[in-house]
Amino acid sequence: MDYTLLAEASRAAGFTLSGFTTQSFFLAGLGVHHEMQAMAAGDEARFARLANQARQLMLPGEMGERFKAMAWLRGMDLPLAGFALQDLRHTL
């Protein structure tokens, strides 16, 4: 996917690119670890299953680097937690 072209098209439509990062950093920025702990509710076996699933979503050799997250805003300027750990807008 041509993310630069996508960013340019969104700017032309009046949006501001507010974040761009990998799926791994996006999920980490949203606090996926805390969500897994809450879902497991102290059940270590359930937490282990959730952690295994999260690894597939977050590891570089899996989906973590292959998939990206982008956010556009129009008429708003606010921090977006999913982009707090890494923001790659400068690469576009």
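Heads up: the structure comes first, above all this text.
What comes next concerns the included structure. (Residues numbered from 1 in each chain as written. Predicted model: local features only at pLDDT ≥ 70, side-chain atom pairs only at ≥ 80, totals over all residues. Heavy atoms only, no water.)

As a further point, take unusual backbone geometry. With a phi close to 50°, A41 is a non-glycine residue in the positive phi region. Counting through the fold element by element, A41 comes out in the loop between α3 (32-40) and α4 (44-58). (Helix = DSSP H or I, 4+ residues; strand = E, 2+ residues; numbered from the N terminus.)

In this section: the packing of aromatic side chains. Applying the stated criterion across every chain yields a total of 2 aromatic pairs. A centroid spacing of 5.2 Å and a plane angle of 45° characterise the contact between Y3 and F20, whose relative ring orientation is tilted. Of the two residues, Y3 sits in helix α1 (residues 3-12) while F20 sits in strand β1 (residues 16-22), which places them 17 residues apart along the sequence. The buried category is assigned to F20, whose relative accessible area is 5%. Arranged with centres 5.3 Å apart and planes meeting at 55°, the rings of F26 and F83 form a pair that is tilted. Note that F26 is positioned in helix α2 (residues 23-29) and F83 in the segment after β2 (68-73), a separation of 57 residues in sequence. (Phe/Tyr/Trp six-rings, centres within 6.5 Å; stacked < 30°, edge-to-face > 60°. Buried < 20%, exposed > 50% of the residue type's maximum accessible area, 1.4 Å probe, protein only.)

What follows is about the environment of G29. Tracing the backbone shows G29 in helix α2. The sequence separation of G29 and L80 amounts to 51 residues, and the corresponding C-alpha distance is 8.9 Å.

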